[in-house]
Amino acid sequence: MTNSVAYLKKYGYNPGGGLLSPDGKYFLFQIPKNASTFLGNALSANGWTFSNLAHVNDVIQLAVLRDPVDRWLSGYATYAALHLFGWGYGSDHYIEEYSASPLVEKIIFSKLVFDDHTTPQTVFVNQLSVEDETVYFDCERETLVDNLSKYTGLDIKITDAIIDNSREDIYDTKNLYEFFKAKLDAKSDYLKPVNVQERYLKNITLRERIHSVYKSDFKLIKQANFYYGT
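(A) Geometry of helix 3 (residues 68-83). The terminal C-alpha atoms of helix 3 lie 21 Å apart, and with 16 residues this matches the ideal 22 Å at 1.5 Å per residue to within 8%. Judged by how many residues are buried, helix 3 sits mostly within the fold: 13 of 16 residues are covered.

The structure is reproduced here in structure tokens:
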């Protein structure tokens, strides 16, 4: 266990946590903000049991990866809702204060990593056993569950109750996610500025900062052995 992972226990993260398939052949390793709640609900309802990497061996490790930018947007929104908001202070007040001072933006984007929801995916993936095969799945695809079913040969049924229990329809998190997404989309031209003034006007540094901090995640996704079904 790395120091980074050990540190995340203070936020409630369980190092090495995941679910073991009914036949004992597959272990779904859970990564925060990568459909972990949904898959935990879905798989446990289909006979998978919660376990830990420390208690399994000779399995095929399964892990879900997510686009780093989208994961940060969702992760930071969750972090803020859990640790910054409170009675009488929610996302609307936060956005007002954020918009009133450029210092708030500079502080957030100088750090970016705040808890388990915003920690790079590579920190979690490094816990996986190098002796066992690892197969990755794309979090953004609507066929995630279908691909898991096809790959494992195990039928995974999804009910309305599972979907409802896994939704993140909290106003504050949705509000903050959309707020930051709009800022990134408005400041993400990707065209190199001709001069300093153009760079200032386009202000593309926010998305670039995310790409810089999470460059290991982008590299992992580029090199990962993804299963997309047949």
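(B) Up close: the packing of helix 4 (residues 91-100) against helix 9 (residues 171-186). Two elements in contact, helix 4 and helix 9, have axes whose closest approach is 9 Å; the angle formed by their N-to-C orientations is 25 degrees. Taken as axis vectors, helix 4 and helix 9 run roughly parallel relative to one another. Across from Ser91, Asp92, Tyr94, Ile95, Tyr98 and Ser99 in helix 4, the residues of helix 9 making contact are Tyr171, Asp172, Asn175, Leu176, Phe179, Phe180 and Lys183. Of the residues in the contact of helix 4 with helix 9, the class split is seven nonpolar, three polar and three charged.

(C) Spotlight on the side chain of glutamine 121. For glutamine 121, the location among the structural elements is in helix 6 (residues 121-125). At a separation of 2.8 Å, a polar atom in the side chain of glutamine 121 contacts the side chain of asparagine 34. Setting aside its immediate chain neighbours within four residues, glutamine 121 contacts Ile31, Asn34, Val64, Leu65, Arg66, Pro68, Arg71 and Asp217.

What counts, and where the lines are drawn
Residues numbered from 1 in each chain as written. Predicted model: local features only at pLDDT ≥ 70, side-chain atom pairs only at ≥ 80, totals over all residues. Heavy atoms only, no water. Helix = DSSP H or I, 4+ residues; strand = E, 2+ residues; numbered from the N terminus. Expected span 1.5 Å × (residues − 1). Buried < 20%, exposed > 50% of the residue type's maximum accessible area, 1.4 Å probe, protein only. Axes fitted to C-alpha atoms, helices over the stretch in contact; angles between N-to-C directions. Parallel < 35°, antiparallel > 145°, perpendicular 65-115°, else oblique. Contact = heavy atoms within 4.5 Å. Nonpolar A, V, L, I, M, F, W, Y, C, P; charged D, E, K, R; others polar. Polar contact = N/O pair within 3.5 Å; in protein donor to acceptor, adjacent residues only side chain to side chain.

From the geometry alone we can't say anything about function, so treat these as descriptive.
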